[in-house]
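Descriptive analysis of the structure
Read off the chains here:
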Amino acid sequence: MDQYQFGAPMGHERQSNDHDVILKSRKQLDITGVKQVESFDNEEFLLETVMGFLSVRGQNLHMKNLNVEQGIVSIEGKIFDFVYLDQSGQDKSKGFFGKLFK
């Protein structure tokens, strides 16, 4: 019988706040700590994670694995970049070039 954890809804496992991003050969990206998949297509994925929103861009991207209960997403394709979107940083200048080109 499964053991109940304090703070978890009855019959559900408690979700962990762990968040890992593992990139393998720029072809496979495994992400844990995913709360929700906001949007995706073959060029970009937008994921809400426990550490903020994460944008993954590339070519011929597709979702290999999605486990909503455990918060795991696996993406395959040619990965160009992934970046966390910091909403609080929108009001600040954009670093050196932002200051240079005021």
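Above this text you will find the structure in question.
Report follows, based on the coordinates. Given the structure is predicted, the values throughout are model-derived calculations rather than measurements. (Residues numbered from 1 in each chain as written. Predicted model: local features only at pLDDT ≥ 70, side-chain atom pairs only at ≥ 80, totals over all residues. Heavy atoms only, no water.)

Considerations on the pattern of salt bridges
Applied cut-off: Should a side-chain nitrogen of Lys or Arg be within 4 Å of a carboxyl oxygen of Asp or Glu, the pair is scored as a salt bridge. Burial here depends on accessible area, computed with a 1.4 Å probe over protein chains only, as a share of the maximum for the residue type. Under 20% is buried, over 50% is exposed, and the range in between is partly exposed. Numbering goes from the N terminus for both helices and strands, where a helix is a DSSP run of H or I of at least four residues and a strand is a run of E of at least two.
Taken as a whole and judged by the stated rule, the model has three salt bridges. A salt bridge links Asp30 to Lys24, with the nearest nitrogen and oxygen atoms 3.3 Å apart. Owing to a relative accessible area of 14%, Asp30 belongs among the buried residues under this scheme. Here Arg57 makes a salt bridge to Asp81, at a shortest N to O gap of 2.5 Å. In this pair, Arg57 is assigned in strand E5 (residues 52–67) and Asp81 in strand E6 (residues 72–85), connecting sequence segments 24 residues apart. Relative accessible area serves as the criterion here: at 41%, Arg57 is assigned to the partly exposed category.

Some thoughts on the sheet that holds strand E2 (residues 28–32)
Note the threshold: Paired strands, as defined in this entry, are two strands with at least two bridges between them according to DSSP. Between N-to-C directions, angles cover 0 to 180 degrees, with each direction set by a line fitted to C-alpha atoms, over the stretch in contact for helices.
Sheet architecture is open: six strands sit in the order E1-E2-E6-E5-E4-E3, paired in antiparallel fashion. Either end of the sheet is taken by a strand with one partner, and the two such strands are strand E1 (21–24) and strand E3 (34–40). Ignoring which end each strand starts from, the neighbouring axes of this sheet average 35° apart. Of the pairings in the sheet, the one linking E2 to E6 comprises five bridges and is antiparallel in character. Bridged to Asp30 within E6 is Ser74.

Structural notes on the pairing of E6
One ladder, built from 12 bridges, connects E5 with E6; its direction is antiparallel. What sits directly across from Met63, in E6, is Ile75. The loop that links E5 with its antiparallel partner E6 comprises four residues; one of these, Gly71, has a positive phi angle of about 70°.

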